[in-house]
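So the chains spell out like this:
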Amino acid sequence: MAAHRSGPLKQQNKAHKGGRHRGRGSAHRDGKGRLALKTLSRKVRKELSRVDQRHRASQLRKQKKEAVLAEKRHLGSKDGPPHQVLVVPLHNRISLPEAFQLLQDRDTGTVHLNEWGSTHSFMLLCPHLKHRWFFTSARPGDLHTVLDLAKVADTILFILDPLEGWDSMGDYCLSCLFAQGLPTYTLAIQGISGLPPKKQIDARKKLSKVAEKRFPDDKLLLLDTKQEAGMLLRQLANQKQRHLAFRDRRAYLFAYAADFIPNEENNLVGTLKISGYVRGQTLNVNSLLHIIGHGDFQMQQIDAPMDPFPLNPRVIKSQKDPGMAMEICAMDAVADMAEDLKVLMKADPDRQESLQTEVIPDPMDGEQTWPTEEELNEANEFLKESSKVVKKVPKGTSSYQAEWILDEDGESGGEGDEYDDTEHEDFIEEESQDESSKEEEEECETMTIGESVRDDLYDEKMDEEAEEKMLEKYKQERLEEMFPDEIDTPRDVAARIRFQKYRGLKSFRTSPWDPKENLPQDYARIFQFQNFTNTRKHIFKEIEEKEVEGAEVGWYVTLHVSKVPVSVVEYFKRGAPLIAFSLLPHEQKMSVLNMVVSRHPGNTEPVKAKEELIFHCGFRRFRASPLFSQHTAVDKHKFQRFLTADMALVVTVYAPITFPPASVLLFKQNSNGMHSLIATGHLLSVDPDRMVIKRVVLSGHPFKIFTKMAVVRYMFFNREDVLWFKPVELRTKWGCRGHIKEPLGTHGHMKCSFDGKLKSQDTVLMNLYKRVFPKWTYDPYVPEPVLWVKSEISSMVPEVDME
């Protein structure tokens with residue numbers, strides 16, 4: 001009988017492979033009873049059952065809910081600070097006095113009108129709601145007042161127009177507030193009852209669609225009657241509070257009253273007494289105090305007077321007129337405050353923070369004394385060893401040139417310093433004032449200005465000089481977009497002298513660069529952390545865990561601030577808000593701040609690096625001239641000559657230390673005194689070691705091409721420059737790489753070899769790099785801006801034709 005043979009279609013299964021993947025039994029036999037290593041951990045994790053896990057989750061939910069309720073009950077209660085509400089009308093048709101008249105309902109509670117400033121504000125005490133409010137207001141065009149009051153407000157009440165919602169000024173105000181950080185907010189509509197009944201529903205629907213762009217999923221309340229005002233007050237009292245990180249870790253105070261006691265020696269400086277409720281954190285008398293817009297100061301003592309606005313005031317019942325009763329109550333509070341004044345804390349000179357902002361550099365620091373014999377012998381041995389190094393140099397190179405030609409630093413002293421980049425360098429024409437005026441004239445001749453579309457409308461208002469400067473900026477920005485970092489090699493100055501501080505890099509990303517090399521003199525004036533991240537974590541942990549002696553949150557106190565100029569009180573008497581923040585350790589000291597910003601879409605004017613800008617960083621505002629650089633994850637960051645709109649950039653500037661998180665707003669002051677928002681972002685780090693590297697690109701043109709060899713001209717104009725830059729690698733716009741073989745003649749022609757065949761329309765480039773530093777232009781004084789008005793001229797981008 002013949003045996004069965006399988007056909008060609010029989011299924012063939014893979015054989016089992018018992019190599020690396022062993023079973024549990026074989027692994028146990030090979031281990032022979034050995035135990036696995038124990039993993040060390042700080043906290044022992046307990047395996048919880050499902051019931052215990054659910055119980056634990058419910059406990060956490062309950063704790064969070066109780067914390068939110070406790071925060072709601074504390075704010076505006078008799079033991080907490082008053083609930084501060086900032087009222088912002090977003091349209092010019094909104095009547096602020098009418099809104100305040102509805103909120104000042106004497107049936108709801110007692111009203112205390114503001115008597116110490118010209119701004120509209122009042123205190124509302126509601127015993128039956130067990131709540132007290134302090135209402136302030138600010139017009140959207142008054143930029144500093146809006147931003148300062150929003151820093152300390154618990155709630156912002158936006159009042160909208162029933163037809164349009166907000167106008168251009170209101171939209172600009174919202175952009176600034178969103179960039180700074182919004183606390184809790186509420187939306188109210190004023191004047192919708194004045195519309196016909198049929199149009200009211202349509203108006204609310206249209207307004208809801210408009211508000212969704214800025215405030216998604218938010219309800220619109222009404223503010224036309226006293227009943228609607230009462231509902232609005234209940235909504236404000238029961239809202240969950242949103243936190244702003246930069247103010248929750250610091251103590252801050254809004255001044256309700258201020259008094260100035262001049263010094264005997266100088267009447268312009270004295271002791272400022274400011275009274276208000278402590279918010280945020282416990283206020284320590286030994287910490288420094290920053291008054292927004294005026295600077296940092298020390299405190300002498302903290303007094304604890306009687307609360308002038310108690311929730312349950314002592315009112316004489318025989319008085320029939322409630323207004324008279326209110327006045328008597330206020331007078332009694334003032335009398336009690338004078339009688340029961342209690343000193344809470346006095347400053348300890350040994351524990352008080354210093355006002356020193358800069359390091360005083362020692363000119364003799366780093367000087368070397370006369371060396372000993374052992375040091376001389378070691379230096380001679382080192383020189384003998386180093387002299388044995390053999391270098392490959394071009395023909396005709398002297399021994400001195402041979403020492404420097406292969407050094408990447410490219411630094412040399414002597415007369416070359418006069419060709420260094422100046423403080424007001426021009427970034428497009430390679431920041432040099434040494435280039436001749438003839439070249440500038442030639443560049444101007446190659447550009448034509450396009451005809452303006454709306455010249456006739458603005459002839460009377462136009463400033464010709466400002467227009468010329470702005471047009472030149474647009475030209476430079478367009479050139480930078482078309483030819484990034486490219487410059488013309490100067491013909492009147494040798495390239496090896498003009499670019500003596502630049503160096504070539506094999507790779508911008510991986511080539512080494514010492515961050516402590518060739519630091520400017522200003523770096524001797526700043527403070528630097530050994531580990532900024534750890535210092536920040538340590539300070540924040542102390543705030544959360546360590547109990548600080550001082551004025552608790554909710555207390556009404558009087559701060560004695562020493563050495564304050566009289567202009568601070570004059571500023572307060574004009575009706576401007578006076579706001580003080582306590583500083584964390586080291587926040588008065590100067591360092592290098594890096595901020596990530598993005599261009600605001602409402603502003604299209606070109607902004608060059610090292611232009612003076614106005615910074616709003618956290619609770620500070622100041623003026624400075626920053627550097628722009630790319631936001632990358634490597635150790636070197638390429639310098640940007642303009643603030644571009646298509647990507648986020650890092651702004652580097654000398655400024656006082658601020659611990660992130662903190663919001664950043666960049667403004668530019670126009671010629672008419674108005675501040676325009678140009679960029680928004682956040683604080684990245686405090687790091688002087690962050691390297692900003694500027695690149696310049698020298699370009700040449702292939703003259704004769706022989707497969708992979710080519711003769712290049714117009715990159716240099718003498719033989720010595722070609723020899724000097726011979727070690728630097730070349731590249732082309734079409735992706736080839738190469739190097740200089742040898743110079744040809746005496747006019748800068750050079751023979752170059754490449755890794756591929758060169759095209760006749762290609763361009764040969766050489767990248768040179770130099771580290772740049774910000775200029776010390778920090779100025780804490782920021783002038784008050786004029787009321788913001790939308791500019792139609794600035795919103796139009798002129799068209800520039802490049803021939």
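Refer to the structure printed above.
Residues numbered from 1 in each chain as written. Predicted model: local features only at pLDDT ≥ 70, side-chain atom pairs only at ≥ 80, totals over all residues. Heavy atoms only, no water.

**Focus: the packing of aromatic side chains**
So, step 1. Considering all chains together, one arrives at 28 aromatic pairs under this definition.
So, step 2. Ring geometry for phenylalanine 158 and tyrosine 185: centres 6.5 Å apart, planes at 55°, overall tilted. With phenylalanine 158 in strand β5 (residues 155–160) and tyrosine 185 in strand β6 (residues 184–189), this residue pair connects regions lying 27 residues apart in the sequence. Accessibility classification places phenylalanine 158 together with tyrosine 185 in one group, the buried group.
So, step 3. Relative to phenylalanine 532, the ring of phenylalanine 529 lies with its centre 5.4 Å away and its plane at 55°, an arrangement referred to as tilted. Across this residue pair, the class does not change: phenylalanine 529 and phenylalanine 532 are buried.
So, step 4. Taken together, the ring pairs connect Phe134, Phe254, Tyr256, Tyr277, Phe309 and Tyr556 into an aromatic cluster.
So, step 5. Over the aromatic face of phenylalanine 717 sits the side chain of arginine 491, whose NZ or CZ is 4.7 Å from the ring centroid.
So, step 6. Sitting over the face of the ring of tryptophan 776, arginine 525 holds its NZ or CZ atom 3.8 Å from the ring centroid. (Phe/Tyr/Trp six-rings, centres within 6.5 Å; stacked < 30°, edge-to-face > 60°. Helix = DSSP H or I, 4+ residues; strand = E, 2+ residues; numbered from the N terminus. Buried < 20%, exposed > 50% of the residue type's maximum accessible area, 1.4 Å probe, protein only. Lys NZ or Arg CZ within 6 Å of the ring centre and 35° of its normal.)

**Notes on the pattern of salt bridges**
So, step 1. Per the stated rule, a full pass over the model turns up 22 salt bridges.
So, step 2. With a shortest N-O distance of 2.7 Å, aspartate 161 and arginine 93 are connected by a salt bridge. You can see aspartate 161 sitting in the loop between β5 and α5 (168–180) and its partner arginine 93 sitting in the loop between β1 (83–89) and α3 (96–103), a full 68 residues away along the chain.
So, step 3. Accessibility expressed as a relative area gives 5% for aspartate 161, which makes it buried.
So, step 4. Residue classification places arginine 93 among the partly exposed positions, given a relative accessible area of 46%.
So, step 5. For arginine 525, the salt bridge is made with aspartate 522, and the minimal N-O distance between the two is 3.4 Å.
So, step 6. With relative accessibility at 23%, the residue arginine 525 sits in the partly exposed group.
So, step 7. You can call aspartate 522 partly exposed: its relative accessible area is 21%.
So, step 8. One continuous salt-bridge network, built from bridges that share partners, spans Arg93, Asp161 and Glu164. (Salt bridge = Lys/Arg side-chain N within 4 Å of Asp/Glu carboxyl O.)

**Digging into unusual backbone geometry**
So, step 1. That bond from proline 660 to proline 661 is cis: its omega, 10°, falls within 30 degrees of zero.
So, step 2. Along the polypeptide, proline 661 turns up in the loop between β23 (649–656) and β24 (663–669).
So, step 3. The backbone of asparagine 518 sits at a positive phi, close to 55°, despite the residue not being glycine.
So, step 4. Position of asparagine 518 among the secondary structure elements: in the loop between α14 (495–498) and α15 (532–545).

**What about the sheet that holds strand β7 (residues 220–222)?**
Within a sheet, neighbouring strands are paired by backbone hydrogen bonds and run either parallel or antiparallel to one another.
So, step 1. In space, the seven strands of this open sheet follow the order β2-β3-β4-β1-β5-β6-β7, with mixed pairing throughout. Among the strands making up the open sheet, the edge pair consists of β2 (110–113) and β7. Pairwise comparison of adjacent strand axes, ignoring direction, gives a mean angle of 30° for this sheet.
So, step 2. Along the sheet face, helix α4 (residues 143–152) touches β1, β4 (131–137) and β5 and points at about 150° away from the line of β1.
So, step 3. Along the sheet face, helix α6 (residues 197–214) touches β5, β6 and β7 and points at about 135° away from the line of β7. (Pairing = 2+ DSSP bridges. Axes fitted to C-alpha atoms, helices over the stretch in contact; angles between N-to-C directions. Contact = heavy atoms within 4.5 Å.)

**Here we look at the nonpolar core**
So, step 1. Ranked by internal contacts, the top residues of the largest apolar core, which has 56 residues, are Ile156, Phe158 and Phe667.
So, step 2. Not counting residues within four places of it along the chain, the set of residues in contact with phenylalanine 667 comprises Leu143, Leu147, Tyr172, Cys176, Leu613, Ile614, His616, His675, Ser676, Leu677 and Ile678.
So, step 3. One finds Phe529, Ala624, Leu643 and Val772 within the second-largest nonpolar core, a separate group that totals 34 residues. (Core = buried A, V, L, I, M, F, W, Y, C linked by side-chain atoms within 4.5 Å.)

**Considering the side chain of arginine 503**
So, step 1. By the element assignment, arginine 503 lies in the loop between α14 and α15.
So, step 2. Separated by 2.6 Å, the side chains of arginine 503 and glutamate 517 make a polar contact. (Polar contact = N/O pair within 3.5 Å; in protein donor to acceptor, adjacent residues only side chain to side chain.)

**Notes on α15**
So, step 1. With 14 residues, α15 extends 20 Å between its outermost C-alpha atoms, agreeing within 8% with the 20 Å of an ideal straight helix rising 1.5 Å per residue.
So, step 2. Its side-chain oxygen placed 3.3 Å from the backbone nitrogen of threonine 533, asparagine 531 serves as the N-cap of α15. (Expected span 1.5 Å × (residues − 1).)

**Quick look at the environment of glutamate 729**
So, step 1. With respect to the secondary-structure elements, glutamate 729 resides in the loop between α17 (719–724) and β28 (730–732).
So, step 2. Residue class for glutamate 729 comes out partly exposed when judged on its relative accessible area of 24%.
So, step 3. In this structure, the C-alpha to C-alpha distance between glutamate 729 and asparagine 767, residues 38 residues apart in sequence, is 7.9 Å.
So, step 4. Each residue touching glutamate 729, except ones within four places of it in the same chain, is listed here: Lys506, Arg737, Gly738 and Met766.

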